[in-house]
Amino acid sequence: MNLALRDVRRNKLRFALTALGVGMLLGVVIAMTGIYEGALADALALPRALRADLWVVQQRTFGPFAEPSRIPRDTRELIRRMPGVAAAGAVTFQTVQTRVGPKPVRLFLEGYEVGRLGGPANIIAGHGLTESHYQIVVDTSSGLHLGENVPLGPYHDPYTVVGLTRGMVSSGGDPMAWVNLLDAQALQFAVPPALERREQASGRSPPTTTDINAVLVRLSPGASVKAVAADIARWKHLSAVPEAEEESYLTLFVIQKMQQQLGMFMGVLVAVSAVIITLIIYTLTMDKLRSIATLKFIGAPDRVIIAMIVQQALALGLSGFGVGLVLIEQVKGYFPRRVQIETRDLLIILAIVTVVCLAGSMLGVRAAVKVNAAEALASG
Amino acid sequence: MDESLPFDRLPRVELRAISKHFGRGEARVDALVDIKLTVRAGEVVGLRGPSGCGKSTLLNVIGCVTEPSSGWMQLDGEPVYDGRFLRSDLRRLRLTKIGFIFQTHNLLPFLTATENIAEAMELAGIRRHEARERAEALLDYFDMRQMRAYPSELSGGMAQRVAIARAIANSPHIILADEPTAPLDSVRAGAVMDLLTRIAADQHAAVLVVTHDESIFHRFDRLIGMRDGRIEGEQVPAHPALAP
Ligand SMILES: Nc1ncnc2c1ncn2[C@@H]1O[C@H](COP(=O)(O)OP(=O)(O)OP(=O)(O)O)[C@@H](O)[C@H]1O
Ligand SMILES: [Mg+2]
């Protein structure tokens with residue numbers, strides 16, 4: 001007879017409530033990994049969607065997401081004519097903040113040349129840019145709709161939403177948006193007229209508005225990423241960062257802090273869960289000490305008693321894990337940023353839960369093994 | 001073992017010079033002093049005496065729950081104590097040879113009546129299915145219907161009957177009962193004594209019952225008195241029907 005199961009069956013409500021409590025705790029642990037994986041996926045969504053082989057940026061910099069890069073616009077033409085390059089597109093990146101009606105909106109804006117590399121992927125409604133000015137494609141996570149006007153720049157020029165993408169955000173979590181390169185350059189480099197006049201009056205030349213941040217390069221079939229990158233570096237005095245490297249910079253530097261932050265928090269959570277699970281199992285065992293003494297009295301070997309405690313601990317941990325997973329699956333859609341639950345992470349958490357339950361039951365097992373059969377005789 | 005004795009006269013419990021003390025120095029309590037006792041198969045023996053005289057301690061020593069301080073003890077023809085326990089698997093010995101009945105029923109609260117009995121059999125190695133069937137048959141024999149009830153849902157008398165059923169589940173040759181009728185009215189106490197008498201006869205078991213209950217004294221084959229840890233005398237109670 002499985003004593004652990006019988007005890008659970010007899011005390012269904014107590015077990016259910018305990019599993020719910022443990023489940024909520026484990027739910028938070030699962031959510032934490034989901035938030036981390038979500039941030040990672042978000043950070044990589046943009047470079048992956050752009051599908052470039054090389055990112056050409058200002059010399060000795062690591063690319064547009066890691067640090068500022070400013071190169072002349074004609075770089076795109078120069079690169080395009082190099083051997084091994086099939087296509088190239090000039091792009092700019094910047095964060096813009098504005099209001100649509102009463103609602104504040106923050107966007108990570110990419111400027112690109114229509115018809116060249118760098119345009120929005122996965123458009124789910126509307127279409128890409130068709131005109132050279134004042135059109136914008138935004139991600140649905142911005143909450144904007146087709147046909148809405150988004151005022152941008154010092155003069156609040158109205159940009160009309162013509163297309164929507166899904167699941168495209170910056171590594172900081174801001175929704176992506178795409179405008180024509182010329183618009184983007186004006187937004188990034190143009191200064192208000194008063195400031196421009198002051199700059200001229202003080203004898204400085206007005207800043208150029210034709211610069212770009214990076215050139216995306218796609219190679220022709222058979223061309224070597226390494227060789228082309230080396231050529232670009234040597235002849236054009238630019239850095240050419242392969243896509244894989246760009247991704248690793250993103251994961252390494254941009255979200256490294258987040259990883260450490262979440263890692264620490266996970267550690268604290270796991271420790272707290274371990275203590276709580278241990279306490280619960282210990283309490284459940286202490287509640288059963290009299291039954292355990294009786295079992296010894298009628299002749300049950302320690303093996304039967306230990307199995308009862310350990311199985312119950314595992315049942316509690318696994319049910320809690322299941323409850324936590326279901327809870328998070330239910331609420332993950334309401335998180336402001338992507339919560340991505342990976343099977344690999346679940347398996348790791350499951351392994352940790354199992355170890356914690358086994359370790360946690362040791363305290364209870366110790367108390368159970370020490371109890372004297374004669375205690376079954378104590379009246380009460 | 002004395003082969004010349006008929007089967008139902010075999011000694012099941014034999015104690016020689018068994019002593020037990022708790023504590024030492026000032027705090028020393030001599031709970032059992034030089035106990036000599038034999039209980040034979042089929043015998044139902046009563047044990048009486050004032051509170052603290054060592055009755056429960058004697059039962060616990062026979063049940064190998066408490067280790068004696070000195071002496072010699074043989075259970076079911078097998079020496080188990082001779083200055084020290086001679087077996088390491090005392091729980092196994094209890095499981096197969098000894099049935100215990102407590103004053104409070106001591107059933108496992110999370111098992112049903114049937115399961116409580118079946119568990120004792122499963123622990124002794126009987127297959128789950130068979131254990132269940134035999135448990136149900138046993139409850140039937142005890143006129144119990146509420147097989148799926150939990151101990152907390154049973155009356156005191158019913159719970160005690162389930163406990164007795166559990167104690168005899170593995171057909172033990174020795175049954176030890178510590179005030180089994182204390183929480184019961186005289187009718188139910190009589191029923192419990194009927195059961196114990198029947199088991200002693202049917203299973204050739206030696207039954208040793210601690211009791212203060214004078215209304216059942218006449219049910220015993222022998223009544224042993226204890227005082228201050230010593231056996232003080234023995235009487236064969238007169239059956240009420242035979243009394244003048
Ligand atoms: N574990 C123990 N540690 C110390 N002293 C004990 C222990 N168990 C029993 N004693 C002492 O041994 C003596 C005999 O106790 P025991 O419980 O055997 O008496 P009893 O005859 O069963 O009494 P009652 O009728 O009240 O049940 C008592 O003085 C008791 O205090
Ligand atoms: Mg007693």
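Computed from a predicted structure; not experimentally measured.

(A) Examining the overall build of chain A more closely. A count of helices and strands for chain A gives 11 helices and 12 strands. Against the 2.2 N^0.38 benchmark of 21 Å for 380 residues, chain A shows a C-alpha radius of gyration of 30 Å, more extended than a compact globule. Dimensions of chain A, computed from the C-alpha atoms along their principal axes, are close to 100 × 50 × 40 Å. Looking at chain A residue by residue over its 380 residues, the buried ones come to 47%. Element-wise, carbon and sulfur atoms account for 61% of the exposed surface of chain A, whose accessible area totals about 18,000 Å². Side-chain charges in chain A split into 36 positive and 29 negative, and the spacing between the mean points of these groups amounts to 9 Å.

(B) Spatial organisation of the sheet that holds strand β3 (residues 44-48) of chain B. Residue and element names in this part refer to chain B. With mixed pairing, the 6 strands of this open sheet are ordered in space as β6-β7-β8-β3-β9-β10. Looking at strand neighbours, the two that pair on one side only are β6 (98-101) and β10 (230-235), the edges of this open sheet. Averaged over all pairs of adjacent strands, the angle between their axes in this sheet comes to 20°, without regard to strand direction. Pairing of β3 with strand β8 (residues 206-210) involves 4 bridges; the strand directions are parallel. Bridged to Val-44 within β8 is Val-207.

(C) Quick peek at unusual backbone geometry. Phi is positive for His156(A), which is not a glycine, with a value near 55°. Structurally, His156(A) can be placed in the loop between β7 (149-152) and β8 (157-165). With relative accessibility at 54%, the residue His156(A) sits in the exposed group. The backbone of Glu179(B) sits at a positive phi, close to 50°, despite the residue not being glycine. With respect to the secondary-structure elements, Glu179(B) resides in the loop between β7 (174-178) and α6 (186-203). According to the relative accessible area criterion, Glu179(B) is buried, its value standing at 18%.

(D) The side chain of Lys55(B), seen in detail. Residue and element names in this part refer to chain B. Tracing the sequence through the fold places Lys-55 in helix α1 (residues 55-62). There is no salt bridge for the buried Lys-55, and the closest opposite charge comes from Glu-179, which lies 5.4 Å off by N-O distance. Among all residues touching Lys-55, those that are not within four sequence positions of it are Leu-47, Arg-48, Gly-49, Pro-50, Val-210, His-212 and Met-226.

(E) Local environment of the interface of chain A and chain B. Counting from both sides, the interface comprises 26 residues of chain A and, opposite them, 26 residues of chain B. Approximately 2,300 Å² of surface area, both sides summed, lies buried where chain A meets chain B, with 58% of it carried by carbon and sulfur atoms. For the pair chain A and chain B, the number of links is 4 salt bridges. Going through the elements one at a time, α1 (3-10), α9 (289-298) and α10 (302-331) of chain A are the ones with two or more residues in the side of chain A that touches chain B. With 7 residues, α9(A) is the largest single contributor of residues to the side of chain A that touches chain B. Partitioning the side of chain A that touches chain B into residue classes produces 14 nonpolar, 4 polar and 8 charged.

Calculation criteria
Residues numbered from 1 in each chain as written. Chains lettered and ligands numbered in written order. Predicted model: local features only at pLDDT ≥ 70, side-chain atom pairs only at ≥ 80, totals over all residues. Heavy atoms only, no water. Helix = DSSP H or I, 4+ residues; strand = E, 2+ residues; numbered from the N terminus. Rg over C-alpha atoms; globule rule 2.2 N^0.38 Å. Buried < 20%, exposed > 50% of the residue type's maximum accessible area, 1.4 Å probe, protein only. Areas by Shrake-Rupley, 256 points an atom, 1.4 Å probe, with all protein chains shown as cover. Lys, Arg positive; Asp, Glu negative; His and termini not counted. Charge placed at Lys NZ, Arg CZ, Asp CG, Glu CD. Pairing = 2+ DSSP bridges. Axes fitted to C-alpha atoms, helices over the stretch in contact; angles between N-to-C directions. Salt bridge = Lys/Arg side-chain N within 4 Å of Asp/Glu carboxyl O. Contact = heavy atoms within 4.5 Å. Buried area = accessible area lost by both parts, 1.4 Å probe. Nonpolar A, V, L, I, M, F, W, Y, C, P; charged D, E, K, R; others polar.

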